[in-house]
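Listed here are the chains, written in short residue letters.
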Amino acid sequence: MPEARFRDHFWSTDLTSTVGYDSIIQHLNDGRKNCKEFEDFLKERAIIEEKYGKELINLSKKKPCGQTELNTLKRSLDVFKQQIDNVGQGHIQLAQTLREEAKKMEEFREKQKLHQKKIELIMEAIHKTRNLQYKKTMEAKRLYEQRCRDKDEAEQAVHRNANMVTQKQQEKLFLKLAQTKSSLEDSDRSYRQSVTTLEKIREEWQKEHVKACEFFETQECERINYFRNALWLHVNQLSQDCVQNDEKYEEIRKSLELCSIEKDIDFFVNLRKTGSLAPAPVVYENYYNTQRNPAPVRSPVPMPISRRAPLPTPASAPDEPDYATVDGYSLIHH
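Computed from a predicted structure; not experimentally measured.

### A few points about the overall build of the chain
Part 1 of the reasoning: When its secondary structure is counted, the chain shows six helices and two strands.
Part 2 of the reasoning: The linear arrangement of helices and strands in the chain, starting from the amino end, is α-α-α-α-α-α-β-β.
Part 3 of the reasoning: By residue count, 25% of the 334 residues in the chain fall in the buried class.
Part 4 of the reasoning: Taking as baseline every contact in the chain between residues at least 6 positions apart, the subset at least 24 positions apart corresponds to 84%.
Part 5 of the reasoning: Accessible surface computed for the chain: about 25200 Å², of which carbon and sulfur atoms make up 55%.

See below:
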C-alpha cells in the first residue's frame, strides 16, 4: 500500500464541505474513463487487425504471384502464399483476442462502477443528514443567541427602571424577564440537543468518510494494477504475434533454401524441349545450276539409294526435228 493514504489527506475544516470527497470521486471517475479509452483502443485495434488479416488472405488467394513458375521455385512460392494466408489468419485470431480483452476491461470497469455507486449512495445520505442537522443546529444557535440578547435586554430594563416605574410596571418588567429566561432555557436546551445530535452525526460521518476513503483507495490500487497488467498482456500478445509470424516466414526461408536453380533449369528443359538439331545454314543457290542439277531434298533420316540402269538415248522419229546438245543447251534442227 502507498505511504500517502486517502483517509489522511482529503478533509476540510468546513464541516459541510465535500471538497475532499469530491476530489476522490472525480479521480475514480477519471480512472474509469481512462479504462474505457483503453477498451475502445483495443476494439479499434481489433478492427484494424481483422481487416488486415482478411486482406492478406484475399491477397494470397486471389492475386497471382509467379503462377507459371516450375519445380522447386514453384514449391517455394506455394509455401510463401500459404504462409501469408496463415499470417492473415493469425491477425484475425489476434483481433478476436483483443475483443476478449476489451470485454474483460469493460466487465472490470462496470464492476468497479457498481461498487463505487453503493458507497456513494451511503455517503450522499450521510452528507444530507449531516448538512440538515448542521443547518438545524445553526438555526438553534441563532435562536439561542437571540434569546440571550432578549434576556439581557429584559434584565437591563429591570435595572434601568427599578426606581422610575410603578409597582405594576415593575411587575410587567419582571414578568417579561421571567419569560425571556424561560425562552432562553428552552432555546438553550434545544441548542444543546442539536449540538449533541450533530456531534453524533459528525462522528458517524467521519467514520464513514474514513471507510469510504479506504475502500476507494483499495479500488484505485486494483484499477491501476489491472490497467497495468492489461497493457502488459496486450504488448505480450503483440510480441507473440510477431514471433508466430516470424516462424511462418522461417518456413518460407526453409523452402527457399531447397530451391535449386540447376534443378529448375533441368526440369524446364526436359518438360518443354523441342529438339536437338539446329537449322542448316542457308546457302546461295544459282538458279540455272538448280535447274540443271536439282538439289536433292534433305531428309533428317537417311534414305537408301536405289541403283538404276542408265537411261536409253532418245531417238527422233522420222517426222520429228532432230535434237542436239551443246554445253548443256538443246538445239533443234529443222
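### A look at the packing of aromatic side chains
Geometrically, a pair of aromatic rings is defined through the distance of the ring centres and the angle of the planes.
Part 1 of the reasoning: Under the definition given, this model contains nine aromatic pairs.
Part 2 of the reasoning: Where phenylalanine 108 meets tyrosine 226, the ring centres are 4.1 Å apart and the plane angle is 5°; that geometry is what we call stacked. Here tyrosine 226 lies in helix 4 (residues 167-257) and phenylalanine 108 lies in helix 3 (residues 71-160), a separation of 118 residues in the sequence.
Part 3 of the reasoning: For phenylalanine 108, a relative accessible area of 14% puts it in the buried group.
Part 4 of the reasoning: The class for tyrosine 226 is partly exposed, based on a relative accessible area of 26%.
Part 5 of the reasoning: Each ring, one from tyrosine 144 and one from tyrosine 191, has its centre 5.3 Å from the other, and the planes form 25°; the classification is stacked. Placement of the pair is tyrosine 144 in helix 3 and tyrosine 191 in helix 4, with a sequence separation of 47 residues.

### Here's the deal with the confidence of the model for the chain
Part 1 of the reasoning: Counting all residues, the mean pLDDT for the chain is 86, and 84% of those residues have values of 70 or more.
Part 2 of the reasoning: Of all secondary-structure elements in the chain, the lowest mean pLDDT belongs to strand 2 (residues 329-333), at 45, while helix 2 (residues 19-62) reaches the highest, 96.
Part 3 of the reasoning: Below pLDDT 50 for its whole length, residues 322-326 participates in 13 contacts with residues either more than four positions away or in separate chains.
Part 4 of the reasoning: Here residues 329-334 scores under 50 on pLDDT; set against residues more than four positions off or in separate chains, the count is 14 contacts.

### Points about empty space enclosed by the protein
Part 1 of the reasoning: Tallied over the entire structure, the rule returns two cavities of 30 Å³ or more.
Part 2 of the reasoning: Size it by volume and the largest cavity reaches roughly 70 Å³.
Part 3 of the reasoning: Lining the largest cavity are 13 residues, with Phe10, Ser12, Ser17, Trp205 and His209 sitting closest to its centre.
Part 4 of the reasoning: Mapped onto the lining of the largest cavity, the elements with two or more residues apiece are helix 2, helix 3 and helix 4.
Part 5 of the reasoning: Among the elements that line the lining of the largest cavity, the one with the most residues is helix 2, at three residues.
Part 6 of the reasoning: Among the residues forming the lining of the largest cavity, the class breakdown is five nonpolar, six polar and two charged.
Part 7 of the reasoning: Each pocket or cavity is described by its volume, and for the second largest cavity that value is around 30 Å³.
Part 8 of the reasoning: Taken together, Leu28, Arg32, Gln112, Gln116, Gln219, Glu220 and Arg223 make up the full set of residues lining the second largest cavity.
Part 9 of the reasoning: Among the elements of the structure, helix 2, helix 3 and helix 4 are those that each provide at least two residues to the lining of the second largest cavity.

Scoring rules and cut-offs
- Residues numbered from 1 in each chain as written.
- Predicted model: local features only at pLDDT ≥ 70, side-chain atom pairs only at ≥ 80, totals over all residues.
- Heavy atoms only, no water.
- Helix = DSSP H or I, 4+ residues; strand = E, 2+ residues; numbered from the N terminus.
- Buried < 20%, exposed > 50% of the residue type's maximum accessible area, 1.4 Å probe, protein only.
- Contact = heavy atoms within 4.5 Å.
- Areas by Shrake-Rupley, 256 points an atom, 1.4 Å probe, with all protein chains shown as cover.
- Phe/Tyr/Trp six-rings, centres within 6.5 Å; stacked < 30°, edge-to-face > 60°.
- pLDDT = per-residue confidence, 0-100.
- 1 Å grid on protein atoms, 1.4 Å probe; cavity = no way out; pocket = protein on both sides within 12 Å on 5 of 7 lines; lining within 4 Å.
- Points joined across faces, edges and corners; volume = space filled by probe spheres on them.
- Nonpolar A, V, L, I, M, F, W, Y, C, P; charged D, E, K, R; others polar.

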